[in-house]
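# Chains, contacts and geometry: an overview
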Amino acid sequence: MNFYRKPNLMLPVSLHDARVEKISIRRGEKLLSGELTLYFPEGIRAEVEGEWVITGSAEVRLGGIDWDFSGIRYYEGDAVKERSFEEFAADLEKSSFEIVDESYGYNRSVFSGYRYQEGFFRVEMEIYHFKETEYFYDDASEEDRGDYSE
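Residues numbered from 1 in each chain as written. Predicted model: local features only at pLDDT ≥ 70, side-chain atom pairs only at ≥ 80, totals over all residues. Heavy atoms only, no water.

### With respect to the nonpolar core
We count it as follows: Here the nonpolar core consists of buried residues drawn from Ala, Val, Leu, Ile, Met, Phe, Trp, Tyr and Cys, with membership extended through side-chain atoms lying within 4.5 Å. Burial classes: relative accessible area under 20% of the type maximum marks a residue as buried, over 50% as exposed, and values in between as partly exposed (1.4 Å probe, protein chains only). Runs of E in the DSSP output that reach at least two residues are strands. Runs of H or I that reach at least four are helices, and both are numbered from the N terminus. The criterion used for residue contact is that any of the two residues' heavy atoms lie within 4.5 Å.
Judged by nonpolar contacts, the single largest core of 28 residues is most densely connected at Ile23, Leu36, Leu38, Phe40, Phe88, Phe97 and Met125. At the level of elements, β4 (34–40), β7 (58–65), β8 (71–76), α1 (85–91), β10 (97–105) and β12 (120–128) are the ones that each hand at least two residues to this core. Leave out the neighbours within four places in its chain, and Phe88 touches Ile23, Ile72, Tyr74, Phe97, Arg115, Val123 and Met125.

Right, here's the structure in full:
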């Protein structure tokens, strides 16, 4: 009998409770050459020297995007609205997107959370990409260091 156990990966970074304040979109001229950058001025969670901290400002870059299989959905009441990444970028000028859940799988990253616009509503961002995700962040200030392991 063959056996394989899939590891339950724990990344040294987390976007849980982080707020996306803006995004930048580069469509690219060739297939799978596009890039999407998420900006987190208030930082993200990161494990630094065995301790979880809230970082300084951060960026997350996803590249090699297949735009045909990527999208953003707003769940407002009983309605589901598809939004383009450009429309979402314009919407972020009015209010941020707080990520509550993040999941990663075969060439896919899914971020779900909430925006506020005359009330909170759920947002799901699904990105199909072929390059590794890159996380860039500034060091946390001393006052922001602490136990954020929840």
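### What about a nonpolar patch on the surface?
Our working definition: Candidate patch residues must exceed 30% relative accessible area and have no salt bridge, after which like charges are joined if within 9 Å and Val, Leu, Ile, Met, Phe, Trp or Tyr side chains if within 5 Å. What sets the accessible areas is the Shrake-Rupley method with a 1.4 Å probe; for residues, cover comes only from the shown protein chains. The term salt bridge refers to a side-chain nitrogen of Lys or Arg lying within 4 Å of a carboxyl oxygen of Asp or Glu.
Together, Val100, Tyr114, Tyr116 and Phe120 make up a nonpolar patch on the protein surface, roughly 440 Å² of accessible area in all. Tracing the backbone through its elements, the reader meets Val100 in strand β10.

### Overview of the sheet that holds strand β3 (residues 22–26)
Short version of the rule: Paired strands, as defined in this entry, are two strands with at least two bridges between them according to DSSP. Helix axes are fitted to C-alpha atoms over the stretch in contact, other axes to C-alpha atoms as well, and angles between N-to-C directions run from 0 to 180 degrees.
Pairing within the open sheet is antiparallel, and its four strands lie in the order β3-β4-β7-β13. Because the sheet does not close on itself, it has two edges, and the strands there are β3 and β13 (134–137). Taken over all neighbouring pairs, the strand axes of this sheet differ in orientation by 15° on average, direction set aside. Direction of pairing for β4 relative to β7: antiparallel, over a ladder of seven bridges. Its bridge partner lying in β7, Phe40 is registered against Ala58.

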